[in-house]
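Remarks on the overall topology
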Amino acid sequence: MSGGLNAALADYRVTANRLAGELAAIDPNEPVRLGKRTSNLFRLRDNKPVHRLDVTGLDQVFHVDPDAMTADVGGMTTYEDLVDATLPYGLVPLVVPQLRTITLGGAVTGLGIESPSFRNGLPHESVIEEDILTGDGQLITARPEGDHADLYTGFPNSYGSLGYSLRLKIQLERVTPYVHLRHLRFDDAGEYAQAIQDICAAGEYLGERVDFVDGTVFTARRHVLTLGSYTKSAPYTSDYTGQQIYYQSVGRRREDYLTIDDYLWRWDTDWFWCSRAFGVQDPRFRRLIPRRFLRSEVYWKVANFERRNHVVRRLDRARGKPEIEEVVQDIEVPVDKLPAFLDFFHREIGISPVWVCPLRQARKDLTWDLYKLNPEILYVNVGFWSSVDLAPGQPDDTHNRLIEAEVERLGGRKSLYSTAFYSEEEFWRLYNGEAYAMLKKRYDPNGRFADLYAKTVGRS
């Protein structure tokens, strides 16, 4: 072990012990949260006073080992900073979620996904070991084997209700300087789903290896599947960090090239397509905005301000516009159920575009207790982030509840970073309440942290 790593981890241990002491000193009845600089949760929490743990020092990359292809990283480190540290070695995490300010600890405890997920699974599957500060004040190193293997496999999708991730050692993979993109177009959802299944199974298309797969569904008759392939050279590169907008290019172009860095953050500049709500896709306005403000983090802050203060909603109400329901979700369904879900979605919800991303559990030797997927099945994530008009008298969970019911009917799962409306009985049946209760009893027996239902549905 190098002296630099020894020093970095020694500093980390001082920080971890301080944090454990800080937690122990807080009144057990006082609510606790992490004092994070950023968040990518879309559900508003209650406004009760809360003690925020000082996570200073946990937002660093402690060490990158280019030979072993691993990184030791603080749990509050953003993927942007992590990629900046690994890319000079020609390495990146196995899955880099789309938004720059998602933290590594957040992606593991709250799930994450991206276009290599059809081969690499979800971010928690690349974790070699993880230091977790549990609700009972223990500092535990969880691994796939050993005394705390139950916490290792039960931590993903626990959303800080069992403990907080302070340090993670993760596997990396080698990359090339560029990514070659091919955009395939389909009129029919059934043909689209079959292409996803066939290409992900083969790992190649027309003789070229496929390293990334995702897609954009613009309408019921306009589906685009984007295949990305690592390449050492490129005849040109496009730039979607300024005036050009990535998702618009997907519908126009057949082929493209990006640097690996620009590929990883291709969705961040316009928060997929959600930046249109702020007017910044108008070229007359966009050219006046410095690039540093074209970031999901900026849009998120504006959107969160509106959620808390309802300025636009009050103005719309005064203008006689209908009430709206926010529909911000990511769900997964088996690939053969994708056409049925899209048909339902176009008919009942009507938001467009939507994002699709295939995933398969990469580690078949493990069961991730709180987010079980069948490792033999290819799933497709569908992401949609907008609002729907409510008819007079409709409750404000109308469309979200329709989605929750349809996803369950199709044998799928729903991510919990956004709002959820399940009853307690539904929730614990879907998210393995029996396994969760055992974990809670072992690692937070006094209920120091709000339980998973209270955090995700009750918005504690």
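Presented here is an overview of the structure given in this document.

About the criteria used
- Residues numbered from 1 in each chain as written.
- Predicted model: local features only at pLDDT ≥ 70, side-chain atom pairs only at ≥ 80, totals over all residues.
- Heavy atoms only, no water.
- Helix = DSSP H or I, 4+ residues; strand = E, 2+ residues; numbered from the N terminus.
- Buried < 20%, exposed > 50% of the residue type's maximum accessible area, 1.4 Å probe, protein only.
- Contact = heavy atoms within 4.5 Å.
- Patch = residues over 30% accessible without salt bridge, like charges linked within 9 Å, V, L, I, M, F, W, Y side chains within 5 Å.
- Areas by Shrake-Rupley, 256 points an atom, 1.4 Å probe, with all protein chains shown as cover.
- Salt bridge = Lys/Arg side-chain N within 4 Å of Asp/Glu carboxyl O.
- Arc of directions from axis to C-beta.
- Phe/Tyr/Trp six-rings, centres within 6.5 Å; stacked < 30°, edge-to-face > 60°.
- Lys NZ or Arg CZ within 6 Å of the ring centre and 35° of its normal.
- Axes fitted to C-alpha atoms, helices over the stretch in contact; angles between N-to-C directions.
- Parallel < 35°, antiparallel > 145°, perpendicular 65-115°, else oblique.
- Left-handed = near helix turned anticlockwise from the far one by under 90°.
- Lys, Arg positive; Asp, Glu negative; His and termini not counted.
- Pairing = 2+ DSSP bridges.

Some words on the overall build of the protein
- Each helix and strand in the protein was counted, giving 16 helices and 18 strands.
- Along the three orthogonal principal directions, the C-alpha set of the protein runs to about 60 × 55 × 50 Å.
- A total of 460 residues make up the protein; the buried ones form 56% of that total.
- Nonlocal contacts in the protein, meaning residues at least 24 apart in sequence, comprise 72% of its contacts between residues at least 6 apart.

Concerning a nonpolar patch on the surface
- A contiguous nonpolar patch, built from Phe305, Val311, Val312 and Leu315 and spanning about 340 Å² of accessible area, is present on the exposed surface.
- Broken down by element, the residue count for the nonpolar patch peaks at 3 residues, all from helix 11 (residues 311–318).
- With respect to the secondary-structure elements, Phe305 resides in helix 10 (residues 296–309).

Notes on helix 15 (residues 433–443)
- The complete set of buried residues in helix 15 reads Gly433, Ala435, Tyr436, Leu439, Lys440 and Tyr443. When helix 15 is viewed along its axis, its buried side chains cluster within an angular range of 155° and face the same direction. Facing away from the buried side of helix 15 by more than 90 degrees, the exposed set consists of Glu434, Met438 and Lys441.
- Buried residues along helix 15 sit against strand 6 (127–134), strand 7 (139–142), helix 5 (149–154), helix 14 (424–430) and helix 16 (452–456).

Regarding the packing of aromatic side chains
- Summed over all chains, the structure comprises 29 aromatic pairs.
- An angle of 10° between the planes, with centres 5.6 Å apart, marks the rings of Phe278 and Tyr299 as stacked. With Phe278 in the loop between helix 8 (260–264) and helix 9 (283–286) and Tyr299 in helix 10, this pair connects stretches of sequence that are 21 residues apart.
- Classification of Phe278 as partly exposed rests on a relative accessible area of 26%.
- An aromatic cluster is built from Tyr240, Tyr246, Tyr247, Trp267, Phe272, Trp273, Trp355 and Trp385, whose rings are joined through pairwise contacts.
- Over the face of the ring belonging to Phe212 we find Arg119, whose NZ or CZ atom lies 5.7 Å from the ring centre.
- We note Arg266 situated over the ring of Tyr263; from NZ or CZ to the ring centre the distance is 4.0 Å.

As for the packing of helix 12 (residues 338–348) against helix 13 (residues 398–409)
- Between helix 12 and helix 13, the shortest axis-to-axis distance is 11 Å and the interhelical angle comes to 165°. Comparing their axes, helix 13 and helix 12 come out roughly antiparallel. Every pair of crossing elements has a handedness; the one defined by helix 12 and helix 13 is right-handed. Contacts from Ala340, Phe341, Phe344, Phe345 and Glu348 of helix 12 reach helix 13 at His399, Leu402, Ile403, Glu406 and Val407.

Concerning the environment of Ile26
- Take Ile26: it is sitting in the loop between helix 1 (3–25) and strand 1 (32–34).
- As for Ile26 and Leu53, which are separated by 27 residues in sequence, their C-alpha atoms are 9.7 Å apart.
- Discounting chain neighbours no more than four positions away, the residues touching Ile26 are Val32, His51, Leu53 and Arg448.

Thoughts on the side chain of Asp369
- Inspection of the secondary structure puts Asp369 in the loop between strand 16 (354–359) and strand 17 (379–389).
- With no salt bridge to any partner, buried Asp369 finds its closest opposite charge in Lys372, at an N-O distance of 5.1 Å.
- Among all residues touching Asp369, those that are not within four sequence positions of it are Asp150, Thr153, Gly154, Asn432 and Ala435.

Some thoughts on the sheet that holds strand 9 (residues 178–186)
- Pairing within the open sheet is antiparallel, and its 8 strands lie in the order 14-9-13-12-16-17-15-18. Strands at the two margins of the open sheet, each flanked by one partner only, are strand 14 (255–259) and strand 18 (413–414).
- Looking at chain direction, strand 15 (residues 324–334) and strand 18 are connected through 2 bridges and run antiparallel. Paired with Ile331 across the strands is Lys414, a residue of strand 18.
- Packing against the sheet, helix 13 makes contact with strand 15, strand 17 and strand 18, and its axis sits at approximately 10° to strand 15.

Some points on the environment of Asp11
- Counting through the fold element by element, Asp11 comes out in helix 1.
- The class of Asp11 is exposed, set by a relative accessible area of 55%.
- As for Asp11 and Phe62, which are separated by 51 residues in sequence, their C-alpha atoms are 9.4 Å apart.

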